[in-house]
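# Chains, contacts and geometry: an overview
What follows is each chain in one-letter form.
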Amino acid sequence: MPGVAWLLYSMLVLLLLALLGAALFFWQHTPARNKIPRAQRRRVVALQQMEALAKRLRQQEPSLDPKPILELPLETLVQKLQDEELSVESVLCSYLEEALKVHQEVNCLTDFLGECEEQLQALKKLKKTERGLLYGVPVSLKDPYDCKGHDSTCGLTQFLEKPAAKDGVIVQVLKAQGAIPFVKTNIPQTMYSFYCSNPIYGQTLNPLNLKKTPGGSSGGEGALLAKGGSILGMGTDTAGSIRIPASFCGICGLRTTGYRLSFSGVSSAVKGKKSVTTVAGPMARDVESLALCLRALLSEDMHRLDPTVPFMPFREEVYSSNQRLRIGFCETDGFTQPSPSMARAVRLTSRLLQDAGHQVIPFSIPHIKYAVKHLFEGGLFADGGATLLEKLEGDIVDPCIKGMINWLRLPDLLKCFLAWILKYTEPRASQTCEEIRGVGTPKKLWEQHAAVQEYQQKFIAKWRFLDLDVLLLPAMDPAFHICYSEIGTDIASYTGLYNVLNFPAGVVPVTTVTPQDEEELAFYTGYYGDSTDKNFQRAVQGSVGLPVAVQCIALPWEEELCLRFMKEVETLAKNHSGPK
């Protein structure tokens, strides 16, 4: 009997502990549970206001056919607006209606910027000589771009109900150039994810395949642009957050050099990162649109509003040059084995460039494992993830990032023990216990930053030795299945490296996944044969017909050359009639 009594007593204690744990969990998440429904209701109201504006504008032009407007490339649309062949109302109405349709399909919008109606009326009063380069162009913005009176959430409940006091610098410059910001788009929680899901606004789907993700963290932008609900968008990029959604959705995107564009008035879950540069950049359906956007942004207004940004106007002579290029060529970075479609896309582009008279020189990435594991991941989690976890306190963690967050929440001692085991079971794992915990002290942070600078100089020295103009390598392709398993941050080696180096980098779609690519994927093993390689293989399966891009890289401050190279790749890929 004493044994039975002890068993009953133990079960009662365990039950009480479970109830206490559940109560504590519920108490911790109460603020989130209260804020999220309010945010969701605000979005419903905002989208109703968006629909109402679209109806009012349509009443002014009942016979408006939006299809011809939506099919226009940005360059042509701008010209027709300037020449008054199209009215600002008809263009905004067309994109309001289309954006709402796209949102119904893929859940990509987080907010409607109702002030766009007032801005439209102000634009109509301008003289022709006062109109900016983007006069009347509807522009979509990724969630973290500050717009007066609107939240910039980063998918976090902590950032809800804290509307921006003023527009961010880039938003101000866009408006000064005549653009009409009209919606904000969805992002993954914390914006540290390849996916596009958060507990506030839910999961965004890839419009090209609803079983796939549009990518992260600028996934809402990628989805909206790919489906034609916007003609020009602004994203941000920490580890490929512009380039991954652009490649997954079959559009173009540019990661600019840090500080070429202002980052003032752009929210972030983790600010102050020095070793991995987060930047702003444009996303659009073609390269010319990216160039036009950059021409508009690189104005005196940018430097006046943010003096920390150097005044460097767009160099037209570089972008429009026809000079033959010396192109470094990488089929692989040597760390992440490219999928069959990734490798084929780079080989195809290399061949097209050679046939067009450009020189293509083999290039290998120096010390890639060190750069990814120690510089990229070490810089991304320099504080051991403490700031990220702080932002998630009291929040509901989205399933797509739960694996990463669970790892960061482990006690340091257990992390170190697991890291020691992983060295023997996961060949790519190489971080020290100190790096797992985060570099922490100011001295260590300085050493980390110095190591990045040293690596950058070695990389540039190799580039200069080969006398290269630009670099061609794979983008991250094709699109992953939604929230597929646990794909670690190091799979972003193809994109994250250039945030460490702080090089401008853009992606251009050149082909699509073929049945043969899918067949070859069955034999994919990766370079390490570990869980990361296996998860990557599974994540990209079932992608026949989805876009595949390549990545174009230039040296710091050479955005115009990067765009010129992207334009060349885009033109050659479009004109290519042979097997892709």
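Keep in mind it's a predicted model, so treat the numbers as computed, not measured. (Residues numbered from 1 in each chain as written. Predicted model: local features only at pLDDT ≥ 70, side-chain atom pairs only at ≥ 80, totals over all residues. Heavy atoms only, no water.)

### A word on the state of the cysteines
- Following the criterion strictly, the structure yields 1 disulfide and no others.
- The side chain of Cys 400 participates in a disulfide bridge whose partner is Cys 483; the two sulfur atoms lie 1.4 Å from each other. With Cys 400 in the loop between helix 14 (386–391) and helix 15 (402–409) and Cys 483 in the loop between strand 11 (470–474) and helix 19 (493–501), the pair connects residues that are 83 residues apart, well separated along the chain.
- Classification of Cys 483 as partly exposed rests on a relative accessible area of 25%.
- Between Cys 93, a cysteine without a disulfide, and Cys 116, which holds the nearest cysteine sulfur, the sulfur-to-sulfur distance is 11 Å.
- The thiol of Cys 249 is not disulfide-bonded; the next cysteine sulfur, from Cys 196, is found 9.0 Å away.
- With a relative accessible area of 3%, Cys 249 lands in the buried category. (Disulfide = S-S within 2.5 Å. Helix = DSSP H or I, 4+ residues; strand = E, 2+ residues; numbered from the N terminus. Buried < 20%, exposed > 50% of the residue type's maximum accessible area, 1.4 Å probe, protein only.)

### Examining the packing of helix 3 (residues 74–82) against helix 9 (residues 287–297)
- The N-to-C vectors of helix 3 and helix 9 enclose an angle of 55°; their axes lie 8 Å apart at closest approach. Taken as axis vectors, helix 3 and helix 9 run oblique relative to one another. Facing helix 3, whose interface residues are Leu 74, Glu 75 and Val 78, helix 9 presents Glu 288, Ser 289 and Leu 292.
- Tallied by class, the residues present in the contact of helix 3 with helix 9 amount to 3 nonpolar, 1 polar and 2 charged. (Axes fitted to C-alpha atoms, helices over the stretch in contact; angles between N-to-C directions. Parallel < 35°, antiparallel > 145°, perpendicular 65-115°, else oblique. Contact = heavy atoms within 4.5 Å. Nonpolar A, V, L, I, M, F, W, Y, C, P; charged D, E, K, R; others polar.)

### Some remarks on the pattern of salt bridges
- Applying the stated criterion to the full structure yields 24 salt bridges.
- As a salt-bridge pair, Glu 85 and Lys 80 come within 3.0 Å of each other at their nearest N and O atoms.
- A relative accessible area of 52% places Glu 85 in the exposed class.
- What makes Lys 80 partly exposed here is its relative accessible area of 25%.
- With its nearest N and O atoms 2.7 Å apart, the salt bridge here joins Arg 260 to Glu 559. One end of the pair, Arg 260, is in the loop between strand 7 (252–255) and strand 8 (279–284); the other, Glu 559, is in helix 22 (residues 559–575), and 299 residues separate them in sequence. By the burial criterion, Arg 260 is buried, and Glu 559 matches it.
- Within the structure, one salt-bridge network assembled from shared partners comprises Arg 38, Arg 42, Asp 151 and Glu 161. (Salt bridge = Lys/Arg side-chain N within 4 Å of Asp/Glu carboxyl O.)

### What to know about a nonpolar patch on the surface
- Where nonpolar side chains cluster on the molecular surface, the patch consists of Leu 414, Phe 417, Trp 420, Ile 421 and Tyr 424 and spans about 550 Å² of accessible area.
- Topologically, Trp 420 is positioned in helix 16 (residues 412–425). (Patch = residues over 30% accessible without salt bridge, like charges linked within 9 Å, V, L, I, M, F, W, Y side chains within 5 Å. Areas by Shrake-Rupley, 256 points an atom, 1.4 Å probe, with all protein chains shown as cover.)

### Remarks on the sheet that holds strand 3 (residues 180–185)
- Within the open sheet, the 11 strands sit side by side as 1-3-2-6-8-7-12-13-11-9-10. Their pairing is mixed. Both outer strands of the open sheet, strand 1 (109–112) and strand 10 (359–362), are each paired with one neighbouring strand and no more. Strand-to-strand twist of the sheet, defined as the mean angle between neighbouring strand axes without regard to direction, takes the value 30°.
- When strand 12 (residues 505–512) meets strand 13 (residues 547–553), the two strands line up antiparallel, connected through 7 bridges. In the sheet register, Ala 505 faces strand 13, and the bridge partner there is Ile 553.
- Sitting on the sheet, helix 6 (residues 169–176) is in contact with strand 2 (138–142), strand 3, strand 6 (232–237) and strand 8, with an inclination near 175° to strand 2. (Pairing = 2+ DSSP bridges.)

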